[in-house]
Amino acid sequence: MTLQNKHFSCVKPCKLLFFFLFFLCRKEAIFAQKDTEFWFVAPEISQGSLNYDRPTVFRFSTYDGPATITISQPANPAFPVQTINVAANNTGVLEFPPFYDFVENTPANTVLDKGFLIESTAPISAYYEVIGAYLSNPGLFSLKGKNALGLHFYVPFQTLIRNSDAYFPLPHASFDIVATADNTAVTITPTRALLGHAANVPFSILLNRGQTYSAEAASQIASEHPSGSSVIADKPIAITVKDDLLDGGAFYGGFCRDMMGDQIVPVEKTGTKYVIQKGLLSGPEAVFVIATADGTSVSFDGAPVATLNAGESTVLNVSGQHFVQSNAPIYVWQMTGNGCELAGEILPALDCSGSEAVRFVRTIDDVFHLFLVTHSGNQGGFSLNGSTAYIQAADFQPVPGSNGEFVAATIECSNAVVPTGQSSIVTNSTGVFQMGFLNGGPVGNGSRFGFFSDFGGQIKIAEKVMLCPGDTVRYDGLTLSEPGLYQQTRSGIQGCDTLIEITVVPATTDTTLLYAITCDSAQVGVSQQVLNNEAGCDSTVITAFVLVAQPTLADTVLLCPGESVLINGLSYTEADTTITYMSPANPGCDTLVTVLLQYSPQPPDITKIIVFCPGESVMIDGASYTQPDTVLSLLPALGCDTLATYILQLASQPTVYIGNDTTINLGDSLLLSAVLLNSGQGVQYEWQPSGSITCPTCPVTFAQPVASAIYSLYVSDINGCMSHDSRLVVVRKLPVFIPNVFAPNADNENDHFTLYASAGVEAIELLQIYDRWGSLVFENQHFAPSISHFGWDGKISGQTAAAGVYTYLIRVRLRDGSGEVFKGDLTLVK
C-alpha cells in the first residue's frame, strides 16, 4: 500500500494534532558507507617469508566536518583504544604493527575476540588495507557502516582460480563473522567443506559483542571455495570475505600471487540491477552471480543466461561494459585487476543505492582508474576535487542491455589529479552515482580494487505510535487500533521503495500511587494530580506523604590508590574510612549520610616487548617511536586504570650478498650462492625467480638460461626485518650452435654431431674430437659455414665409436676478422 494523501482520524479529536505533528516531524534517510559507526573483522593473510600480511592500515576520510575517531575491540580489553583526530575534508591512518597480534582473525573454527568497532563524531568513509612488506599481495576492504549489518547473508566467492600452495601458512578462502550484540546465535550452512565442518551440514556458534569466528575452506582448490554458503543470525552481524594468494599467473601469465576480499552486505542490501566494467587484467575477467531466492532468473546484456535457486551461482565473462539483471535480489562479485595482479570486490546494486559525494584515498603512484556508473542524464554533473574538467559527459557510454537507463565511464587519473595519500572527492550535482577505483601495476605492486559509494538498497522510516485504550488511528487507509508492527511500502523514483514500519505501543492510563517521605508534619496527607502522558491519555497520580523522624543514607565510594574523592566539600585519599555528616534536605529535614571509602580492585599491570626493524615506527597513544625506548601508558579499565609498559627494542637488519652482475654464454650454467651478513635469528630466504636454494650458503644451478634475467634473494628474520640483493645475468648468444648429444644409429635422426654457424661467421677453421683419455679421434679443418653437415659422423677408422662422453675443440674465424675458440663436452648415445 502506498503512502500518499496523508490523512488521520481519531476517536478523541484532541489527539489528532499530536499524531499529525508526529508524522510531519519524521525525516527519511539513506544509510551509506559514509557513517559514524563501523564494525569489522580483519581476515588472516598468509605471512609467507616476506611478510605479505603486514603492515596493514585503517584509512579514514572526513567530509565537511572534523572528526574524532575511536578504534576499539569491545571483546578484548587488552587492546589499547586508539583515538585519531582528523580535520575536515582530510584523511587519517591507523597502522599495524604495533598490536599486530590483536588484528588478524586466526586461528579458524574458533571463537575469538578480534572484532573492531570504529566510532566517529562526524560522518566518515573508511577502509582496511593490507599493504605487506613486499607490496605484492595487497587488498582493500571497504567498510560499509550500517549497510554491512544484517541477519541473513549468502557468501560470494570466485571459483576459477585456486590458492597457491607455495606459502606458509597455506593461504585459503574464508569468511569471517563479527557480532554486534551479546548472545548472538549464528547458523552457518556451508556449500563446501570448512575446517572442522562438512559441506551442507548446518552448524551453530554463539558470539558476544565484538567476538569473531573464521569459517575457512578446507581445500585450496577453486571449485571447493564455499560460494553461496548461508549465514543466519538472530542479531545483527558483519561478514568479511577473503581469498588469499590466488595463482593468477596460471590464468593471466607471469608470477602473480594475489589476495582479494571485501566486507559484504546482507541479503536485504542486494538488488536486481548491476553494471560491470572491465579492469586491466591481461585477459577476460569474470563476475560471479549468487542467488538469494529460489527460481531467480539472470540476464546478461539483456539475454537470459541462468535460472538459480538460493545459494546457487553462475560465472559470466567480462570483456567490456555489461548489464546484469534478475527478477530477485542477487550478489555480484567481480574479479578484476592489473596484468596478472588480481583483485575482487562485491558490486553495489543500482536499484536504489548510490551517493551524491564519495571521498577516497589513492594508495600508490601506480596506474589509477575511477569506475563511475549513474542514470542516463546525470553524466554532466560530475566534479573531481572541485573541478568539472576531469570527468566529462563525453566520457560516458550507454551500458549495453540496460535500454539506455544507465551510463558508465572508466577514467584514468594522474597523480597530479588524484594525489597519492591524500583525501579526494567525487561529487554529482544532478543525481546519485556508484564509484569504485582500481589502483595498481601489472607486475610487482599488486592491485587494489574497491567501491566506496552507498550500498543501501531501501529507504527505511521507523515510526512509533502510542495508543490510548479504546483509541483508533487511521494512517492512509490503514487502521491502527491494536499494539503491534505495521508496515507500509511506498514506491519511489528509480524503483527505490520506502519501507515505513509503524510500531504501535499501548499507552497506560492506570492510576499511579506514590509515597513521599516528609520530615515536616504539616505536609502529611494525600495529593491528587491528573496528567496527560505523551500519547495524550489521561493519567491520575496520587501522592501520599509519610512522616519520618530522621532520613538516613548509606553509600560506598570506591577510589584508586593515589586518587582523591570529594565528599561534602572535603577531599579524602585513604580507604577504609567512614564519613558521616548531615545533609540539608527539602523540606525541613536533614539526612544523616554515612559514606564508606574502599579501594577499587587494582587490575594487574601489563608489560609488552615490541621489536621493530630499522626504518619502522611504533605508534603508542598517538605518538610515533623510531628508536629503542620504554613507554608507559594508562589503559582505561573498569575501576582503576592499568599501567602498560611497552619496551621498544630495535632489531638488527640482516644483509645479504649474492655476487656481482655477470655475463654467460647461451647453454652454460650459473651457480648462485648467498653470503649473509649481520644475520639475525630465524632467517628465512626467498629467491625470485624461485629456485631450490633453502639456506644462505647453499649453491643452486639455474641450468641453460635462455634470456638475460635479474635474480634476487630476499631475506627476513624472526622480527620481520628484511633486505635483498639482486644480480643481473646477461646471456650471450654464441656465433656457433654446438649440440651436446647425438646418436649415430642410422635412423636419420640426429645421426651427426653437426655445427651450425650464424651469419657473422666467416669460416670454421678447426674441429677436433678427443676421447676420455685425451686421444684425438677425429679432425676436420677449414669448412665454410654453408656446408650443411660440418661435423663428425661418430665413426673412428670407419667403425662407430663407443657410447660415452667426448670432448671437442672448435676454432672459428668471424667476418670482422676476430676469432674464437670453444671447448666442451659431447655425449654419444646409441
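Residues numbered from 1 in each chain as written. Predicted model: local features only at pLDDT ≥ 70, side-chain atom pairs only at ≥ 80, totals over all residues. Heavy atoms only, no water.

Participant: So what exactly am I meant to see when it comes to the overall build of the chain here?
Facilitator: Each helix and strand in the chain was counted, giving two helices and 66 strands. Every one of the 830 residues in the chain was classed for burial, and the buried ones make up 50%. Considering only intrachain contacts with a sequence separation of at least 6, the fraction spanning at least 24 residues in the chain is 70%. On the chain, roughly 36800 Å² of surface is accessible, and the fraction owed to carbon and sulfur atoms is 53%. (Helix = DSSP H or I, 4+ residues; strand = E, 2+ residues; numbered from the N terminus. Buried < 20%, exposed > 50% of the residue type's maximum accessible area, 1.4 Å probe, protein only. Contact = heavy atoms within 4.5 Å. Areas by Shrake-Rupley, 256 points an atom, 1.4 Å probe, with all protein chains shown as cover.)

Participant: Can you help me understand the state of the cysteines in this one?
Facilitator: Defined simply, a disulfide is a covalent bond joining two cysteines at their sulfur atoms. Across all of its chains, the model carries two disulfides by this definition. Across the disulfide, C256 is cross-linked to C340 (sulfur-sulfur distance 1.7 Å). Every disulfide takes its handedness from the sign of the S-S torsion; for C256 and C340 that torsion is 50°, giving right-handed. Of this pair, C256 sits in the loop between helix 2 (249-252) and strand 14 (257-263) while C340 is found in the loop between strand 21 (321-339) and strand 22 (341-346), placing the two residues 84 residues apart along the sequence. Note on C256: relative accessible area 1%, which makes it buried. The side chain of C613 participates in a disulfide bridge whose partner is C721; the two sulfur atoms lie 2.1 Å from each other. (Disulfide = S-S within 2.5 Å.)

Participant: For this particular structure, what's the right way to read the nonpolar core?
Facilitator: The nonpolar side chains of a soluble globular protein tend to be buried with one another. In terms of nonpolar packing, the biggest core is built from 62 residues, with F175, I177, V186, I188, V231 and V324 touching the most fellow members. If you look at the next biggest cluster of nonpolar residues, it comprises 37 residues, including I69, V86, F141 and Y646. (Core = buried A, V, L, I, M, F, W, Y, C linked by side-chain atoms within 4.5 Å.)

Participant: Is there a simple way to think about the sheet that holds strand 25 (residues 382-384) in this case?
Facilitator: Strand pairing within a sheet occurs via backbone hydrogen bonds; the two strands may be parallel or antiparallel. Reading across from one edge, 23-28-25 is the order of the three strands in this open sheet, with antiparallel pairing throughout. Lying at the two open borders of the sheet, with one neighbouring strand each, are strand 23 (357-361) and strand 25. Mean inter-strand twist for the sheet, computed between neighbouring axes without regard to direction, equals 15°. Pairing analysis gives five bridges linking strand 23 to strand 28 (residues 423-428), with the strands arranged antiparallel. (Pairing = 2+ DSSP bridges. Axes fitted to C-alpha atoms, helices over the stretch in contact; angles between N-to-C directions.)

Participant: Looking at this structure, I do not really get the environment of P55. What am I missing?
Facilitator: With respect to the helices and strands, the residue P55 is situated in the loop between strand 1 (35-40) and strand 2 (56-62). Residues P55 and P98, spaced 43 residues apart in sequence, show a C-alpha to C-alpha distance of 9.1 Å. Apart from the residues lying within four places of it in its own chain, the contact partners of P55 are E95, F96, P97, V130, I131, G132 and A133.

Participant: What am I meant to see in a nonpolar patch on the surface here?
Facilitator: A cluster of nonpolar side chains, namely L160, F251 and V315, defines an oily patch on the protein surface of about 240 Å² accessible area. Relative to the helices and strands, V315 resides in strand 20 (residues 313-318). (Patch = residues over 30% accessible without salt bridge, like charges linked within 9 Å, V, L, I, M, F, W, Y side chains within 5 Å. Salt bridge = Lys/Arg side-chain N within 4 Å of Asp/Glu carboxyl O.)

Participant: How should the pairing of strand 10 (residues 184-189) be read in this particular structure?
Facilitator: On a regular strand, one side chain projects to one face of the sheet and the next to the other, so that they alternate. The alternating pattern of strand 10 places T184, V186 and I188 on a buried face, while none of A185, T187 and T189, on the opposite face, is buried. Bridge count for strand 10 against strand 11 (residues 203-207) is five bridges, and the pairing is antiparallel. Among the inter-strand pairings, A185 is bridged to a residue of strand 11, identified as L206. When strand 10 meets strand 13 (residues 229-247), the two strands line up antiparallel, connected through four bridges. Each bridged residue has a counterpart across the sheet, and for T189 the counterpart in strand 13 is S230.

Participant: Can you walk me through the sheet that holds strand 27 (residues 406-412) in this structure?
Facilitator: With antiparallel pairing, the five strands of this open sheet are ordered in space as 26-27-24-29-30. Every other strand in the sheet has two partners, leaving strand 26 (397-398) and strand 30 (447-451) as the edge strands with one partner each. The pairing of strand 24 (residues 367-375) with strand 27 spans seven bridges and is antiparallel. The residue bridging F371 from the neighbouring strand is T410, located in strand 27.

Participant: Just to check I follow, could you spell out the pattern of salt bridges for this structure?
Facilitator: Any two side chains of opposite charge can pair if their charged atoms end up close together. Overall, the coordinates contain 11 salt bridges when judged by the stated rule. For R257, the salt bridge is made with D247, and the minimal N-O distance between the two is 2.7 Å. Of this pair, R257 sits in strand 14 while D247 sits in strand 13, and the two are 10 residues apart along the sequence. Residue R257 shares its accessibility class with D247, and that shared class is buried. One continuous salt-bridge network, built from bridges that share partners, spans R59, E129 and R448.

Participant: How do you make sense of the confidence of the model for the chain when you look at a structure like this?
Facilitator: Predicted coordinates in regions of low pLDDT should not be interpreted in detail. Mean pLDDT over the chain: 84, with 83% of residues reaching 70 or higher. Per-residue pLDDT stays below 50 along residues 1-32; that stretch engages in 72 contacts with residues further than four places along the chain or on separate chains. (pLDDT = per-residue confidence, 0-100.)

Participant: For this particular structure, what's the right way to read the packing of aromatic side chains?
Facilitator: Between two aromatic rings, the relevant description is the distance of the centres plus the angle of the planes. With the rule as written, the count across this model stands at 34 aromatic pairs. Plain terms: the ring middles of F58 and F116 are 5.2 Å apart, the flat faces sit at 80° to each other, and that makes the pair edge-to-face. Note that F58 is positioned in strand 2 and F116 in strand 6 (residues 116-130), a separation of 58 residues in sequence. Comparing F58 with F116, the two get one shared label, buried. Taking the centre distance of 5.9 Å and the plane angle of 70° together, the rings of F99 and Y646 count as edge-to-face. You can see F99 sitting in the loop between strand 5 (91-96) and strand 6 and its partner Y646 sitting in strand 48 (residues 642-650), a full 547 residues away along the chain. Residues F99 and Y646 agree in their burial class; the two are buried. Grouping aromatic residues by their ring pairs yields a cluster made of F40, F58, F60, F79, F96, F99, F102, F116, Y128, F141 and Y646. Cation over ring: K34 sits above Y63, and NZ or CZ is 4.6 Å from the ring centre. Directly above the aromatic system of F455 lies the positively charged group of K144, at a separation of 4.8 Å from the ring centroid. (Phe/Tyr/Trp six-rings, centres within 6.5 Å; stacked < 30°, edge-to-face > 60°. Lys NZ or Arg CZ within 6 Å of the ring centre and 35° of its normal.)

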